[in-house]
Amino acid sequence: TLVYVDPPYIPLNKETSRLYGAEFDEEEQLRTARFCRRLLESGATVIASNSDARNVGGSNEFLLNAYEGFKAPRRIGAKADTRKTVTELLFIGVPE
């Protein structure tokens, strides 16, 4: 079984914050990470994505700690009218 989890990303700026509001806060991010761990423990391969705070000079420690052992980088492109290369975080968990 392969499960892809794509929660609302941690906002990197005020515009992004408006898109998601305050409902999906750090506790919801942690709840999602715990859910991913339960899926992994049940034998599923789990892939979860999120924003990369390094794109705006921030830190990813919160997410890296929440998904410790899942980390894998992924390169993506932004919207065509503001094309630039950014990264997102892609956490991969494979059952042992």
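Draft legend 1. The overall build of the protein, seen in detail. In terms of regular secondary structure, the protein is built from three helices and four strands. Helices and strands appear in the protein in the N-to-C order β-α-α-β-α-β-β. Relative to its 96 residues, the protein shows a buried fraction of 34%. Put simply, 64% of the contacts in the protein that link residues at least 6 apart link residues at least 24 apart.

Draft legend 2. Quick peek at the side chain of Asn50. Here Asn50 shows up in strand S2 (residues 45-51). At 2.9 Å, the side chain of Asn50 forms a polar contact with the side chain of Gln29. What Asn50 contacts, discounting residues up to four positions off in sequence, is Pro7, Pro8, Tyr9, Ile10, Gln29, Leu63, Glu88, Leu89 and Phe91.

Draft legend 3. Molecular detail of the pattern of salt bridges. On inspection of all chains with the given rule, the structure shows two salt bridges. Arg34 serves as the salt-bridge partner of Glu27, at 2.9 Å between the closest nitrogen and oxygen. Linking Glu28 and Arg31 is a salt bridge whose minimum nitrogen-to-oxygen distance equals 2.8 Å. Linking Glu28 with Arg31, this pair stays in helix H2 (residues 26-41), spanning three residues, or about one helical turn. For Arg31, a relative accessible area of 49% translates into the label partly exposed.

Draft legend 4. Representation of the pairing of strand S1 (residues 2-5). On S1, burial follows the alternation: Val3 and Val5 on one face are buried, whereas Leu2 and Tyr4 on the facing-out side are not. Note: S1 against S2, four bridges, orientation parallel. Within S2, the position partnered with Val5 by the bridge is Ala48.

Thresholds, definitions, all that
Residues numbered from 1 in each chain as written. Predicted model: local features only at pLDDT ≥ 70, side-chain atom pairs only at ≥ 80, totals over all residues. Heavy atoms only, no water. Helix = DSSP H or I, 4+ residues; strand = E, 2+ residues; numbered from the N terminus. Buried < 20%, exposed > 50% of the residue type's maximum accessible area, 1.4 Å probe, protein only. Contact = heavy atoms within 4.5 Å. Polar contact = N/O pair within 3.5 Å; in protein donor to acceptor, adjacent residues only side chain to side chain. Salt bridge = Lys/Arg side-chain N within 4 Å of Asp/Glu carboxyl O. Pairing = 2+ DSSP bridges.

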